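Below are the chains, spelled out letter by letter.
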Amino acid sequence: MVQSWYMIDVDPSKGDDPKLPNQTMPPRPVSLDDLKKIGVLYFQVDPSNYQEKDSQLQKIRKERGYCYEDTVAISKELMGEQFESKINTFFAEHMHADEEIRYFLDGSGYFDVRDTEDKWIRIECKPGDLLILPAGVYHRFSLNSKAYCRANRYFVGEPVWTPHPRPAEDHPVRQTYVKSIGA
């Protein structure tokens, strides 16, 4: 089961390490219901059954219209010279005009999302975790200290992964998202 919590502000340019849990002290856990209030959806899908096309995964794909799938693997060994620049891009706060869907197959990492009060919530993702971030939510991604993950990405139609860096308050998708969560 996924774990999530409020986190401290992390600034790699000041020596902070985004690969650490970075929990507030005292820890402030965040429930699945709290994530749902900001539009973040979570599903547990058996990764050992993935190759047999898990029925729950197929149901989610059909209901949400995900017709394209690919796999991304992130590690220094696999990405070589591109690793640092890609990791920095993933950790820069941004939003997308479409949902961001990740199903973790191997390894682990963190998605950070902003709540209604602009505080960071860290979501730890491990094999079997399927996370859906709503279009318009500010977020970022970091590997954890293991520095490796492999995940499937799902898209409605042709794959589009266009980050819109913060601030993007005038973006129509961002405005729709803010209204949808009552912020």
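Our subject is the structure listed above.
Attention here is on the structure that accompanies the text. Since we're looking at a predicted model, the values are computed, not measured.

Digging into helix α4 (residues 83-91)
In step 1: Every buried residue of α4 is listed here: Phe83, Ile87, Phe90 and Phe91. Along the long axis of α4, the arc covered by the buried residues comes to 95°, so they all point the same way.

Re the pattern of salt bridges
In step 1: In the structure shown here, the tally under the stated rule is 14 salt bridges.
In step 2: For Asp34, the salt bridge is made with Lys37, and the minimal N-O distance between the two is 3.7 Å. Of this pair, Asp34 and Lys37 both sit in helix α1 (residues 32-37), separated by three residues, roughly a single helical turn.
In step 3: Judged by relative accessible area, Asp34 falls into the partly exposed class, the value being 34%.
In step 4: Salt-bridge contacts for Arg102 lead to Glu100; the nearest nitrogen and oxygen are separated by 3.3 Å. For the pair Arg102 and Glu100, a shared accessibility class is recorded, and that class is buried.

Some points on the layout of surface pockets
In step 1: Here the largest pocket is characterised by a volume of approximately 290 Å³.
In step 2: Considering the residues around the largest pocket, the lining is formed by 17 residues, among which Ile74, Phe90, Arg102, Arg153 and Trp161 are closest to the centre.
In step 3: Sorting the residues of the lining of the largest pocket by element identifies β3 (68-74), α4, β5 (100-107), β9 (139-143) and β10 (149-155) as the ones contributing at least two each.
In step 4: Looking at the lining of the largest pocket, its residues break down into ten nonpolar, three polar and four charged.
In step 5: Here the second largest pocket defines a volume of roughly 220 Å³.
In step 6: Every residue lining the second largest pocket is listed: Pro12, Asp17, Pro18, Lys19, Phe83, Glu84, Ile87, Asn88, Phe91, Ala92, Ser142 and Leu143.
In step 7: With five residues, α4 is the largest single contributor of residues to the lining of the second largest pocket.

A look at the environment of Asn152
In step 1: Tracing the sequence through the fold places Asn152 in strand β10.
In step 2: Given a relative accessible area of 0%, Asn152 falls into the buried group.
In step 3: Along the sequence, Asn152 and Leu105 sit 47 residues apart, while their C-alpha atoms lie 7.2 Å from each other.
In step 4: One polar contact links Asn152 to Glu69, side chain to side chain, over a distance of 2.7 Å.

Definitions and limits used
Residues numbered from 1 in each chain as written. Predicted model: local features only at pLDDT ≥ 70, side-chain atom pairs only at ≥ 80, totals over all residues. Heavy atoms only, no water. Buried < 20%, exposed > 50% of the residue type's maximum accessible area, 1.4 Å probe, protein only. Helix = DSSP H or I, 4+ residues; strand = E, 2+ residues; numbered from the N terminus. Arc of directions from axis to C-beta. Salt bridge = Lys/Arg side-chain N within 4 Å of Asp/Glu carboxyl O. 1 Å grid on protein atoms, 1.4 Å probe; cavity = no way out; pocket = protein on both sides within 12 Å on 5 of 7 lines; lining within 4 Å. Points joined across faces, edges and corners; volume = space filled by probe spheres on them. Nonpolar A, V, L, I, M, F, W, Y, C, P; charged D, E, K, R; others polar. Polar contact = N/O pair within 3.5 Å; in protein donor to acceptor, adjacent residues only side chain to side chain.

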